[in-house]
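Architecture and fold: a report
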Amino acid sequence: MFEIVASILGVAALCAFVNHRVLRLPPTVGVMAVSLAFALAPAGLGALGSAGGLQARVRLLVQSVDFSELLLQGMLSLLLFAGALHVDVDALRRHRWQVGALAFIGTAVSTVVVGGALFAVLPFTGAAVPLRECMLFGALISPTDPIAVIAILKSAGAPRSLDVVMAGESLFNDGVGVVLFLLLLDLLVDGGAPSAGRAATLLLRQAGGGLLLGAVAGAATSMLLRRSDLPVGMLLTLAVVVGGYAIANRLHVSGPLAMVAAGLVVGHGLRGEAFPADVRRSLGAFWALLDELLNALLFALVGMQVVVIRFPLGPLPSLAAGAAAILITLGARWLSTGLPVDLFRRSSGLPAGAGGVLTWGGLRGGISVALALALPAGPNRDLLIALAYGVVAFSILVQGSTFGWWVRRTLPRAE
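Residues numbered from 1 in each chain as written. Predicted model: local features only at pLDDT ≥ 70, side-chain atom pairs only at ≥ 80, totals over all residues. Heavy atoms only, no water.

Glancing now at the overall build of the protein. Within the protein one finds 18 helices and zero strands. For 415 residues, the compact-globule formula gives about 22 Å, and the C-alpha radius of gyration of the protein, at 21 Å, lands near that figure. For the protein, the spread of C-alpha atoms along the three principal axes comes to 65 × 50 × 50 Å. Residue burial in the protein is summarised as follows: out of 415 residues, 51% are buried. Counting contacts in the protein only where the partners sit at least 6 residues apart, residues at least 24 apart contribute 82% of the total. For the protein, the exposed surface amounts to about 18,100 Å²; the carbon and sulfur share of it is 69%. Here the protein contributes 27 positively and 20 negatively charged side chains, and the mean placements of these two sets differ by 5 Å. (Helix = DSSP H or I, 4+ residues; strand = E, 2+ residues; numbered from the N terminus. Rg over C-alpha atoms; globule rule 2.2 N^0.38 Å. Buried < 20%, exposed > 50% of the residue type's maximum accessible area, 1.4 Å probe, protein only. Contact = heavy atoms within 4.5 Å. Areas by Shrake-Rupley, 256 points an atom, 1.4 Å probe, with all protein chains shown as cover. Lys, Arg positive; Asp, Glu negative; His and termini not counted. Charge placed at Lys NZ, Arg CZ, Asp CG, Glu CD.)

This is how it looks when you write it as structure tokens:
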């Protein structure tokens, strides 16, 4: 296990260094691009007859890490807490209706649109997937990645209102997407007919319970932080993340939403006058650094997953199905987020062009890959994993690398 951890950390560090010194792309984009190249290089060498078993070693290394378990039961709690910690709660409160509508209603609408469209289109590529499994795909691909977007958005000089709405929506729709995925997975495994009452009960317990648990844990942590120094404060925040996520799992409530709520409450408390300025700055810097380190590791792992992805269709049908999934996901994002924002722009308080920015900036990330890998065994599992990975790769490499340009091109004309 120590050798596996050392190898993964070494690959992540090398990917981050190459991007920093050579590619100079946004960290998320660059690390994943280098990681993909690293993972695919042995296959290219194998085609030339000079791989020397390296391809098998890389695949064994990737297979030795349960990516879904590592992210969903470990890294995700830390990443969501770190992201929420730096969100301005007062600004978020001013845009609470926009954030809530986009995160909850938008994610649900996107799930239905993606699932229905994929069910209708896939037969033309030679693959027939049941509607319930297509809906599962819609739930796992609809959440956007907050970390992959926020840094690019800020560096592009976007308006503060758009920054807050986009960050808040991305943080909350991660939790909403996981809840919808678990709901649909429960229906798929049980095989029962979908019940509105059953769905509402599970959604209320998961989402409402997670938010309540996170708020209580965050408030208790803030109270203790006022009486602590920096080392103790670091331990307290780490404890509330790890312990709070474990408690959420025990209580069968949403751990991701609990961590978002806890991060928002603790972050808001840190901005109060009760905290010494040096403790506030140092604790924020600690979580910002931890966030960057975990993201480098996460997207290095996402890139390396390509060696264990199996494509059950032929080359041309696989390309057609992948292209269809990408276009459907982008279309669903526009229908559920971009179009409503543009239609109600004045009441939303966002600048002209915000709908397009929100659409193109809806990057998918590690959580979609992790949820896809958590799908139960079945005849369509490999296809859904491959489609999810294709959408994530396009989202990070293409949308992520052009997002800053899109913001600079679109928003100045709106102000």
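All right, on to the pattern of salt bridges then. For the structure shown, the criterion picks out three salt bridges. A salt bridge links D90 to R93; the nearest nitrogen and oxygen atoms lie 3.0 Å apart. Here R93 and D90 lie together in helix α5 (residues 89-94), a separation of three residues that amounts to about one turn. Given a relative accessible area of 36%, D90 falls into the partly exposed group. For R93, a relative accessible area of 42% corresponds to the partly exposed category. (Salt bridge = Lys/Arg side-chain N within 4 Å of Asp/Glu carboxyl O.)

Along the chain, the position of R364 falls in the loop between α16 (354-360) and α17 (366-373). For the buried R364, which has no salt bridge, the nearest side chain bearing the opposite charge is E169, at an N-O separation of 7.7 Å. Within polar-contact distance, the side chain of R364 engages the backbone oxygen of I141 at 2.6 Å. (Polar contact = N/O pair within 3.5 Å; in protein donor to acceptor, adjacent residues only side chain to side chain.)

One broad rule of soluble globular proteins: the nonpolar side chains tend to lie buried together. Residues F137, L140, V302 and Y389 are the most contacted members of the largest nonpolar core, which totals 115 residues. Ranked by residues supplied to this core, first place goes to helix α18 (residues 381-410) with 13 residues. (Core = buried A, V, L, I, M, F, W, Y, C linked by side-chain atoms within 4.5 Å.)

Before going further, it helps to examine the packing of helix α6 (residues 96-121) against helix α7 (residues 131-141). At a minimum axis distance of 7 Å, the contact between α6 and α7 shows a crossing angle of 135°. Put simply, α6 runs oblique to α7. Both α6 and α7 take part in a crossing whose hand is right-handed. Across the interface between the two elements, T111, V112, V114, G115, G116, L118 and F119 of α6 pack against L131, C134, M135, F137, G138, A139 and I141 of α7. Here the contact of α6 with α7 is composed, by residue class, of 10 nonpolar, four polar and no charged. (Axes fitted to C-alpha atoms, helices over the stretch in contact; angles between N-to-C directions. Parallel < 35°, antiparallel > 145°, perpendicular 65-115°, else oblique. Left-handed = near helix turned anticlockwise from the far one by under 90°. Nonpolar A, V, L, I, M, F, W, Y, C, P; charged D, E, K, R; others polar.)

Tracing the backbone through its elements, the reader meets R333 in helix α14 (residues 315-343). Separated by 2.8 Å, the side chains of R333 and E169 make a polar contact. Leave out the neighbours within four places in its chain, and R333 touches T144, E169, N173, G338, L358, T359, G362 and R364.

So, on to the packing of aromatic side chains. Taken as a whole and assessed by the stated rule, the structure comprises five aromatic pairs. Joined through ring pairs, the aromatic side chains of W360, F394, W405 and W406 make up one cluster. (Phe/Tyr/Trp six-rings, centres within 6.5 Å; stacked < 30°, edge-to-face > 60°.)

Now for unusual backbone geometry. Across the chain, the bulk of peptide bonds are trans and the bulk of non-glycine residues have phi less than zero. The residue R24 is not glycine, and still its phi comes out positive at about 55°. Within the fold, R24 resides in the loop between α1 (2-23) and α2 (27-47). Located in the positive-phi region is H252, a residue other than glycine, with phi close to 60°. With respect to the secondary-structure elements, H252 resides in the loop between α11 (230-251) and α12 (255-270).

What follows concerns the environment of H95. Mapped onto the secondary structure, H95 falls in the loop between α5 and α6. For H95, a relative accessible area of 11% puts it in the buried group. Along the chain, H95 and S161 lie 66 residues apart, while their C-alpha atoms are 7.9 Å from each other. Filtering out sequence-adjacent residues up to four positions away, H95 remains in contact with S161, V164, V165 and S348. Here the side chain of H95 touches A91 through a polar contact of 3.1 Å, landing on its backbone oxygen.

Now for the environment of A12. Inspection of the secondary structure puts A12 in helix α1. Taking C-alpha positions, A12 is 18 Å from V308, a pair spaced 296 residues apart along the chain. What A12 contacts, discounting residues up to four positions off in sequence, is A296, L297 and A300.

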